[in-house]
Every structure is written in structure tokens, then in C-alpha cells.
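Per-entry structural report
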Amino acid sequence: FLDPKLFGHSWTAFLQRFTIPDPYVPGKIARYKNMDEFHEILYSFCYHVTEDAVKLPPRVHENIPVILEPAARRFYNTAKREFFARLNDKTLDAANAGVLALRLHQIASGRAPLKDDDGKSEMITISHAKQKMLGELIEDAAEPTVVFVRFRADLDQVAEVCHKLGKVYGEVSGRHSDLTLDDKYPPGVDVLAVQVQAGSEAIDL
């Protein structure tokens, strides 16, 4: 897709011009060469924006503790200790530590997949603590707000909070994107929920 006058048509010629192959591992690059020439060509057609070039207000980092309700906390602690927990007629089980870490994160987010006696999985609400805290944070927000989340269930919870507060909800996720055609914050949206996998980079918010 680049102008062939810049780097040519041949991948092999490109490798010979700028790389030194590993003599012991075919196809592996040991190191690079002629980097001054490479960067001179590169910066003739592209640029990068440094943080200093974008006039943003100072960063403000604030950790906001969210306390799970007693029942949700007991469920969390049981799952963490036993790799298994029961909520009414639904159960959560984790086959290994990796799955357990994922399930604990989901419980803390408010919703997790639980199974019935037939083994059918269903996303069950375990806690409303984070939803309540989010509502308090964005209720009086005068500017467009971006909320980054991990799970699709988190997106649904943000949407519910926005609906209750009468705020216009937008989303950037693996299932939907409300970004403009040039990947910018959509006009008219009060709160944009962004799933990290879909919107962690390459978009303008």
C-alpha cells in the first residue's frame, strides 16, 4: 500500500537492505542495519504526535474503592477459597486458577456466568455496587465521558446506568461501534462505554 518508490516492490530486497539474518535460524532476523536511511524514508511520508504536542489538561488519577454487598462478598470469598460457590440454584465452578481469576473479576464487576443443575450457563447479577458507584460518578458530569470496561456484561451495566440517568449511551466493542467514520467520539453521546479489546488504541476520544 506504500508508494513503491519508497521501499520498492521486493520483500527480499527490503530485508537485504535493512536486516541481517540469523545465521543459525532460517527466516529469523538477528539485527537491523541502515536504520538512519530507513527512518529518513519513513518520516518522509508519516509522522507521530508526541504527548507534548497535544494540549491536554494534567492527568488526575483517583482510586475509588467499591465495596461489594455482604452477600456478594461472601460469594466472592467462597469462590476464591473453594473454586466453587452456589447462589440460590446456580453454581460457579473454576477448573483452574486462570479460570478462577477470570470469574473473580466478573463477580467484582457485578455479573458472572453461573450454571444450573443441567449445566446450562446464564449471566447472573451478583452485585450492584459498581453500577451504583458509576451512577454517582457520572450523574452530574457536564462533559462527554468515556468508561473503559472489560466484559460485555459491563457494557450492559453501563447502558443500564445511562438509561436510568437519562443520558445518551454509546458503545465501542466487539459487537458494536458508535464511533464516527474517522474513529472519533460520536456527537450527541453523553457516555461512551469502551471495551478495552476494541478501543484501547488507534481511536480519537
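Up top you'll find the structure we're talking about.
Residues numbered from 1 in each chain as written. Predicted model: local features only at pLDDT ≥ 70, side-chain atom pairs only at ≥ 80, totals over all residues. Heavy atoms only, no water.

**Thoughts on the packing of helix α2 (residues 11-18) against helix α3 (residues 35-42)**
- At a closest axis distance of 9 Å, the pairing of α2 and α3 adopts a crossing angle of 125°. Accordingly, the angle class assigned to the pair α2 and α3 is oblique. Across the interface between the two elements, Phe-14, Arg-17 and Phe-18 from α2 touch Met-35, Glu-37, Phe-38 and Ile-41 from α3.
- Class assignment for the residues of the contact of α2 with α3 results in five nonpolar, no polar and two charged. (Axes fitted to C-alpha atoms, helices over the stretch in contact; angles between N-to-C directions. Helix = DSSP H or I, 4+ residues; strand = E, 2+ residues; numbered from the N terminus. Parallel < 35°, antiparallel > 145°, perpendicular 65-115°, else oblique. Contact = heavy atoms within 4.5 Å. Nonpolar A, V, L, I, M, F, W, Y, C, P; charged D, E, K, R; others polar.)

**Brief notes about the pattern of salt bridges**
- Scanning the model with the defined rule gives nine salt bridges in all.
- Glu-160 serves as the salt-bridge partner of Arg-111, at 2.8 Å between the closest nitrogen and oxygen. Of this pair, Arg-111 sits in strand β5 (residues 111-115) while Glu-160 sits in helix α7 (residues 152-165), and the two are 49 residues apart along the sequence.
- Among the charged side chains, a salt-bridge network with shared partners connects Asp-156, Glu-171 and Arg-175. (Salt bridge = Lys/Arg side-chain N within 4 Å of Asp/Glu carboxyl O.)

**A short note on the nonpolar core**
- Core analysis: the largest hydrophobic core is formed by 16 residues, its most contacted members being Phe-75, Ala-79, Leu-92, Leu-104, Ile-107 and Ile-126.
- Sorting the residues of this core by element identifies α4 (70-82), α5 (97-109) and β5 as the ones contributing at least two each.
- It is α4 that contributes the most residues to this core, four residues altogether.
- The contact partners of Phe-75, leaving out residues within four places of it in the chain, are Ala-85, Arg-86, Leu-87, Leu-92, Ile-107, Leu-114 and Ile-126.
- Grouped together as the second largest cluster of nonpolar side chains are 10 residues, Ile-138, Leu-155, Val-158 and Ala-193 included. (Core = buried A, V, L, I, M, F, W, Y, C linked by side-chain atoms within 4.5 Å. Buried < 20%, exposed > 50% of the residue type's maximum accessible area, 1.4 Å probe, protein only.)

**Comments concerning the sheet that holds strand β7 (residues 145-149)**
- One open sheet holds the three strands; their spatial order is β7-β9-β8, and the pairing between them is parallel. The two strands at the open ends of the sheet, each matched to only one other strand, are β7 and β8 (169-172). The mean inter-strand angle of the sheet, taken between neighbouring strand axes irrespective of direction, is 25°.
- Bridging between β7 and strand β9 (residues 191-195) involves five bridges; their strand directions are parallel. Across the sheet, the residue bridging to Phe-148 is Val-194, located in β9.
- Those strands touched by α7 are β7, β8 and β9, and its axis lies near 175° from that of β9. (Pairing = 2+ DSSP bridges.)

**Let's talk about the packing of aromatic side chains**
- Using the criterion set out here, one finds seven aromatic pairs in the structure.
- For the ring pair Phe-7 and Phe-18, a centre distance of 6.0 Å and an interplane angle of 80° mean the geometry is edge-to-face. Residue Phe-7 is found in helix α1 (residues 4-7), and its partner Phe-18 is found in helix α2; the two are separated by 11 residues along the sequence.
- Judged by its relative accessible area of 14%, Phe-7 falls in the buried class.
- Looking at Phe-18, the relative accessible area reads 1%, which means it is buried.
- What links up through ring pairs into an aromatic cluster is the set Phe-7, Trp-11, Phe-14, Phe-18 and Phe-38. (Phe/Tyr/Trp six-rings, centres within 6.5 Å; stacked < 30°, edge-to-face > 60°.)

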